[in-house]
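Here is how the chains run, residue by residue.
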Amino acid sequence: MITKSAMVTIAGRPNVGKSTLTNTLVGEKIAIVSNKPQTTRNRICAVVNHEDTQIVFMDTPGFHKARTKLGEYMDNVVHESIADVDAVMLLVEPIPSVGTQEQLLIRQIQASKIPAILVINKIDTLENKEALFPVIAAYSQACDFAAIIPISAKRKEGIAELLTEVRKYAQEGPQLFPDGMITDQPERQIMAEIIREKLLWCLDREVPHGTAVEIETFSEREDSGIIDLEAVVYCEKASHKGIIIGKHGDMLKRISTMAREDCERFMGTKVYLRIFVKVREGWRNQGRYLRNFGYE
């Protein structure tokens, strides 16, 4: 029986593994993952029931120097997510120095006076675990962390210890989300994010960062449970549209097939997916388009 709950923010620079950790904690893919920075654009809630405690982890965009209005929005999401929570997890890589982005995040955490846990990810990349000592020393000098926990989100190492630590900050009260609910994201949004993930996987350079996905049709057939999904990929340049579609439509077919397979895995049923590509020049710096795409 759930008698306590905790709200915990996962913060860090791009590509430290925040979304991989989020998926590992939940045990299902709810946050998209790629090796490109700025993959996550919105705050994503992941709900984990652990013994008598419901923990709501908030996966946030990678904290970076914003160059567009979209980037400013993403950094604001991080700022707001560090306030009014029970604890903050600063996720870092096992590098024995505190980077500029980490320093800025530490200042925000200290100003908020919220308990902070240092989570050192990717320990599976270390040949010798003694290499963690200088990492711990560097961050201990920068901030008085309540706990320091090394993990590998990819290999699920240290996750039990992390959950045990986080439970210490739970407050007495009813659970915030019903049983069986693992995220606050609507299915429509998850489908859009899955498609955007495949764009990040398949496309190079600036092209995938200038894309947004909007689901225009999401309907379930009464007789079979099959889901009909129509999506529009918006890009910033006509030349980018050509790259996304590819020669003879090959790239778009590849993206559609990969996305459909993931959508079917998540929904547990067959999905018919159609993707269209449209150009919206400079949408990342235009407020009305940002609002239309849910970045508000």
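Being a predicted model, the structure only gives us computed values, none of them experimental. (Residues numbered from 1 in each chain as written. Predicted model: local features only at pLDDT ≥ 70, side-chain atom pairs only at ≥ 80, totals over all residues. Heavy atoms only, no water.)

Visitor: Go over helix 3 (residues 100-112) with me, naming the residues and quoting the values.
Guide: Look at helix 3: 19 Å from first C-alpha to last across 13 residues, which is about the 18 Å you get at 1.5 Å a residue. Listed in full, the buried residues belonging to helix 3 are Gln 101, Glu 102, Leu 105, Ile 106, Gln 108 and Ile 109. An end-on view of helix 3 places all buried positions within 160° of arc, on one side of the element. Residues of helix 3 that are exposed and point more than 90 degrees away from the buried face comprise Thr 100, Arg 107 and Ala 111. A positive phi of about 60° marks Lys 113, the residue just after helix 3. (Helix = DSSP H or I, 4+ residues; strand = E, 2+ residues; numbered from the N terminus. Expected span 1.5 Å × (residues − 1). Buried < 20%, exposed > 50% of the residue type's maximum accessible area, 1.4 Å probe, protein only. Arc of directions from axis to C-beta.)

Visitor: Can you tell me about the pattern of salt bridges, naming the residues and giving the values?
Guide: One pass over the structure, following the stated rule, counts 16 salt bridges. In this structure, Lys 4 engages Asp 52 in a salt bridge whose closest nitrogen and oxygen atoms are separated by 3.9 Å. Of this pair, Lys 4 sits in strand 1 (residues 4-11) while Asp 52 sits in the loop between strand 2 (44-50) and strand 3 (53-59), and the two are 48 residues apart along the sequence. One continuous salt-bridge network, built from bridges that share partners, spans Lys 29, Glu 197, Lys 198, Asp 262 and Arg 265. (Salt bridge = Lys/Arg side-chain N within 4 Å of Asp/Glu carboxyl O.)

Visitor: Give a detailed account of the pairing of strand 2, specifying residues and quantitative values.
Guide: When a strand is regular, its side chains alternate between the sheet's two faces. With 6 of 7 residues buried, strand 2 is to be regarded as a mostly interior element. Hairpin connection, strand 2 to strand 3: the antiparallel pair is bridged by 2 residues, and Glu 51 has positive phi, about 55°. (Pairing = 2+ DSSP bridges.)

Visitor: How would you summarise the pairing of strand 8 (residues 212-220) if you had to cite specific residues and measurements?
Guide: Direction of pairing for strand 8 relative to strand 9 (residues 227-235): antiparallel, over a ladder of 8 bridges. Looking at the pairing, Glu 214 lines up with Val 232 of strand 9. Counted between consecutive antiparallel strands, the loop separating strand 8 from strand 9 contains 6 residues, among which Gly 225 sits at a positive phi close to 80°.

Visitor: Quick one: what's the story with the packing of helix 1 (residues 18-26) against helix 5 (residues 159-167), residue by residue and with numbers?
Guide: Relative orientation of the contacting elements helix 1 and helix 5 amounts to 85°, with a least axis distance of 11 Å. By the angle class used here, helix 1 and helix 5 are roughly perpendicular. Where helix 1 approaches helix 5, its residues Leu 21, Thr 24 and Leu 25 are matched on the opposing element by Ile 159, Leu 162 and Leu 163. For the contact of helix 1 with helix 5, the residue count by class is 5 nonpolar, 1 polar and no charged. (Axes fitted to C-alpha atoms, helices over the stretch in contact; angles between N-to-C directions. Parallel < 35°, antiparallel > 145°, perpendicular 65-115°, else oblique. Contact = heavy atoms within 4.5 Å. Nonpolar A, V, L, I, M, F, W, Y, C, P; charged D, E, K, R; others polar.)

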